[in-house]
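# Inside the fold
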Amino acid sequence: MTRPEDAAWLRAFPHDFRWGLATAAYQIEGGATEGGRGLSIWDTFAHTPGLTQNGDTGDVACDHFHRWPADLDLLVDLGVRDYRLGLSWTRLQPAGTGPLNPDGVAFYRALLGGMRDRGIRPLVTLYHWDLPQTLEDAGGWPIRATAEHFGSYAGLVLEALGDLADDWITLNEPWCSSFLGYGSGAHAPGRKDYRDAVAAAHHLNLAHGLALREIRRVRPEVRVGTTNLVLDIVPATDSPADAVAAVRLDAFHNRVFLDPVYLGAYSPAVFETLGRYGFEQHIREGDLEVISAPTDFAGVNHYQRVTVRADPTAPFGFADTPAEPATTSFGWSVIPDSLRSVLTRVSRDFTTLPLYVTESGASYDDEVVDGAVHDAERVAYLDGYFAAAAAAIDEGVDLRGYYVWSFLDNFEWAEGYGKRFGLVHVDYATQVRTPKDSARYYRDVISGFRASRHQDAAIPATT
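So, here's what we can say about the structure. Note that the structure is a prediction, hence the values are computed from the model and not measured.

### Points about the overall build of the protein
Counting its regular elements, the protein contains 15 helices and 13 strands. Expected size for 463 residues packed as a compact globule is a radius of gyration near 23 Å; at 21 Å, the protein falls within 12% of this value. With the C-alpha coordinates of the protein rotated into their principal frame, the extents come out at 60 × 55 × 50 Å. Here the protein, with 463 residues, has 62% of them falling under the buried criterion. With the model as given, the accessible surface of the protein reaches about 16,900 Å², and the carbon-plus-sulfur share is 52%. Here the protein carries 40 positive and 62 negative side-chain charges, and the mean point of each set is 3 Å from the other.

### Considerations on the pattern of salt bridges
Evaluation of the coordinates by the stated rule reveals 33 salt bridges. As a salt-bridge pair, Asp 349 and Arg 345 come within 3.5 Å of each other at their nearest N and O atoms. One end of the pair is Asp 349 and the other is Arg 345, both in helix α13 (residues 336-349) and four residues apart, which spans about a single turn. Exposure remark for Asp 349: the relative accessible area of 34% places this residue in the partly exposed category. A relative accessible area of 18% means that Arg 345 is categorised as buried. Asp 366 is paired through a salt bridge with Arg 378; the nearest N and O atoms lie 3.0 Å apart. Within this pair, whereas Asp 366 is found in the loop between β10 (355-359) and α14 (376-394), its partner Arg 378 is found in helix α14, the two being separated by 12 residues in sequence.

### A short note on the environment of Leu 263
Among the structural elements, Leu 263 can be located in helix α10 (residues 240-263). For the pair Leu 263 and Gly 96, spaced 167 residues apart in sequence, the C-alpha to C-alpha distance is 30 Å.

### Considering the pairing of strand β8 (residues 305-310)
Summarising the sheet, strand β6 (residues 232-235) and β8 pair through four bridges and their orientation is parallel. Along β8, the bridge assignment pairs Val 234 with Thr 307. One ladder, built from five bridges, connects β8 with strand β9 (residues 318-322); its direction is antiparallel. When the sheet's bridge partners are listed, Val 308 is paired in β9 with Asp 320.

### So, the environment of Pro 94
Here Pro 94 lies in the loop between α4 (89-92) and α5 (102-117). Sequence separation of Pro 94 and Gly 384 is 290 residues, and the distance between their C-alpha atoms is 42 Å. Contacts of Pro 94, omitting those with residues within four sequence positions, involve Gly 36, Gly 38, Leu 39, Trp 89, Asn 101 and Pro 132.

### Brief notes about the sheet that holds β10
Pairing in this closed barrel of eight strands is parallel, and the strands run β1-β2-β3-β4-β5-β7-β10-β11 around the ring. For this sheet, the mean angle separating the axes of adjacent strands, direction not counted, is 25°. Where strand β7 (residues 297-301) meets β10, four bridges bridge the pair, whose relative direction is parallel. Bridge pairing in β10 places Val 300 opposite Val 357. In the packing of helix α7 (residues 144-161) onto the sheet, contacts are made with β3 (121-127) and β4 (167-172), and the angle to β3 comes to roughly 155°. Here helix α8 (residues 174-184) sits on the sheet and contacts β3, β4 and β5 (223-229); the angle it forms with β5, its principal contact strand, is near 40°.

Cut-offs and rules
Residues numbered from 1 in each chain as written. Predicted model: local features only at pLDDT ≥ 70, side-chain atom pairs only at ≥ 80, totals over all residues. Heavy atoms only, no water. Helix = DSSP H or I, 4+ residues; strand = E, 2+ residues; numbered from the N terminus. Rg over C-alpha atoms; globule rule 2.2 N^0.38 Å. Buried < 20%, exposed > 50% of the residue type's maximum accessible area, 1.4 Å probe, protein only. Areas by Shrake-Rupley, 256 points an atom, 1.4 Å probe, with all protein chains shown as cover. Lys, Arg positive; Asp, Glu negative; His and termini not counted. Charge placed at Lys NZ, Arg CZ, Asp CG, Glu CD. Salt bridge = Lys/Arg side-chain N within 4 Å of Asp/Glu carboxyl O. Pairing = 2+ DSSP bridges. Contact = heavy atoms within 4.5 Å. Axes fitted to C-alpha atoms, helices over the stretch in contact; angles between N-to-C directions.

This is the structure we're talking about:
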């Protein structure tokens, strides 16, 4: 493998490209009962026997709530100056309504202020799946009121914290919140009703629009976008039935969230795929105008390519499996070209806005041996996917940043602590952090990029 600082693809990235890392509040913070934090659906889900691997919870996680100064120092040591973090809704607004919790505001002001003091630029996510349990008890995302509460929450947060960050994301992966949370039940709150799931999908889109409106009102100077999980989809065979299945999976997973935000309407494929569960009845006059209000950038999370085949017995008429080779500990594919494909498609078919890869990464069974973690597979993954991102830029994609998932090993939702995505290993018993080989590789990528840009700036222009 070419040394990262010498990689030819490094020069494809624009001079102000953001090389970052990403985390989410429930996955790293811990401090579950401290500072006035309220109960979220993930607290309830994780404490319900049988729903998470080994009964793991996020009660302590990486203890970032107490260790954030040292964690920020570690980011600096790794050369990372861009960091995507999530806010805990229940730490800031324990019941999902009413005034913000002063202790929660103080925590995030300290955290964001610590980033500013260290020269780390934040990209702040307002919602990364931790719905207040009180709002779930009142109906959750399947009811419209939850979207309205989120809009109000966003305005309050920007009033309290908006002076400390210029870049904001409304929602992270609403597909997971709706279809895993209310359809399959694999994620919190663990409900299994696809009529609820399709209602939640529209109301999450509406929540984005309502939050955007409040942010524009309170802090018109900040930049705002949303983040969607975008699959690269290929039919299992050349049959017409599998081609239709691919269209349906695309509508179910990608288009139901990309269409309304960037194109201002749901496509016919979305109505055809979700209509059997009453999707259209949740859309009111004026909703799409709210949802499609202009944003400043588009976030793309990408993890895998899948193959899809027709299955009339399945809830939406298709069945999908990871494409080969499936080599991560999750069984997900490692196909760098799938990232290029996704980025070029979003840029071509949905929006000309600047794009950010707001999550991309891979889980492996990492172990500390003699004080080190030699994660060669992750290093190869990053090298391949960075090259794929460069190829997308060469094809005309306006890509402005790449936030690797994840900074730290953490609570991986229903998988508990059994999956490790971090560039930094966490010993959960001792909370010792050990940078992996991939962290050092990434540090070299960033330093090599900065050095190349410095050299470019030193070369006089010629005519």
